[in-house]
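Structural description and commentary
Letter by letter, the chains look like this.
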Amino acid sequence: MGAGVIGVTSAYYLAKAGHQVTVVDRQALPANETSFANAGLVAPGHSYTWASPRAPKILLKSLFRDDQALRLHLRADPRMWSWCLKFLANCTSAKARLNTTRKVRFCLYSQAALHQLVAETKIAYDGLKGGLLYLYRSQESFARGAATMRILQDNGLDLRLIEPGEIPRIDPALAGATAKLAGAIYAPTDESGDANLFTRNLADICKEAGVSFAFETPIERISREGDRITGLETRRGRLTADAYVMALGCYSPIMARPLGIKIPIYPIKGYSLTLPIRGSNRAPAIGGVDEDKLVAYARFGDRLRLTATADFAGYDTSHTPGDFRTMLASARDLFPEAADCDQPNYWAGLRPMTPEGTPIIGPTRYRNLWLNTGHGHMGWTMSCGSGRVLADLVGGLKPELDLAGIMPAAA
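Residues numbered from 1 in each chain as written. Predicted model: local features only at pLDDT ≥ 70, side-chain atom pairs only at ≥ 80, totals over all residues. Heavy atoms only, no water.

**Overview of the environment of Ala124**
With respect to the element layout, Ala124 can be found in the loop between helix 4 (93–121) and strand 4 (132–136). With relative accessibility at 48%, the residue Ala124 sits in the partly exposed group. Residues Ala124 and Asn201 lie 77 residues apart in sequence; the distance between their C-alpha atoms is 7.2 Å. Filtering out sequence-adjacent residues up to four positions away, Ala124 remains in contact with Leu197 and Asn201. (Helix = DSSP H or I, 4+ residues; strand = E, 2+ residues; numbered from the N terminus. Buried < 20%, exposed > 50% of the residue type's maximum accessible area, 1.4 Å probe, protein only. Contact = heavy atoms within 4.5 Å.)

**Side note on unusual backbone geometry**
The phi angle at Ala31 is positive, at roughly 55°, despite the residue not being glycine. Looking at where Ala31 falls in the secondary structure, it is placed in the loop between strand 1 (22–24) and strand 2 (41–42). By relative accessible area, Ala31 is classed as buried at 1%. Of note in the backbone geometry, Lys122 takes a positive phi value of approximately 60° without being a glycine. Position of Lys122 relative to the elements: it lies in the loop between helix 4 and strand 4. Judged by its relative accessible area of 65%, Lys122 is exposed.

As far as function goes, none of this settles anything; it's purely spatial.
Rendered as structure tokens:
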């Protein structure tokens, strides 16, 4: 269930393990929702949990200001309040360290799986290696970044502190911005790529391996009998299988609720902006993040993608040009000749966030229903590892990775 990057990678690894697989999705194409226009960073170097000691103050300020990276729009929605309370409970130093540790280990495992998949399939996705730059505008934020990066280093990630004068050696496009920067953290093994292109091309590879896709097939209800799922009731008829995988992102809690399964996921809206790169433009050589403004950027061939903001606004994907001002300002400030800012392509999508920031992968109370959902802002980074772990669990194998904090506790 679900043809986003998580659903399609799950299908790939299940088919590779010898299963006969059908993917069901309400959209006409794969990767047409959360995976449509995301940041594109494969970034273990940015796997910090959002639930941190600083987060409550930022969310509180966002009630009165609209320039915060995390923005809270309170609604009369009990599920939102319940999720926010769980999120706040994770905003301690100890839990932030634990959740970040779990995330970075999973991200590194998944990145290795991505490299193996690319080597096996030769899939095209505008992939770009050479690392990512995490840029800091103030000495205070740079010092804070240097202190927190030790959590990632302790778990095997190569990170390097870079002085402003060294930044253009890594990416010449930033030569004119060094006076505005206090420094950077360089993650030489991080990378980028178009998650939408990857998912669509992987779906084609899956089809060649015998995977079936039922597009434009909304799931209306999941039928059950005792401790087993018996079928999917769709607008195109009933679909049955021996086993079912729920990879529906933000919509997983909605579909799971009638089954008596509570999944702690809430949609967090993000905004993305895609700009064309012309022959005369000087686009960045590698991707990165403007940390003080939390604007991510990545180059996909002749396109520049910028993303920003975590909007706690429910199931709302609406947007206005004003929502993209910070991204455009950051792009013009850091690399004014990178792309044509007068021809923006706007988009907003929903990240399926858990309070801890870690995904939910594993079995449920139903013997033939598994979850692979809740990847938040790291779905692209975690996709291949998630698909591989899911296929191991469905096949009765023990995953290579410790799944503490990942397996559902009481689904």
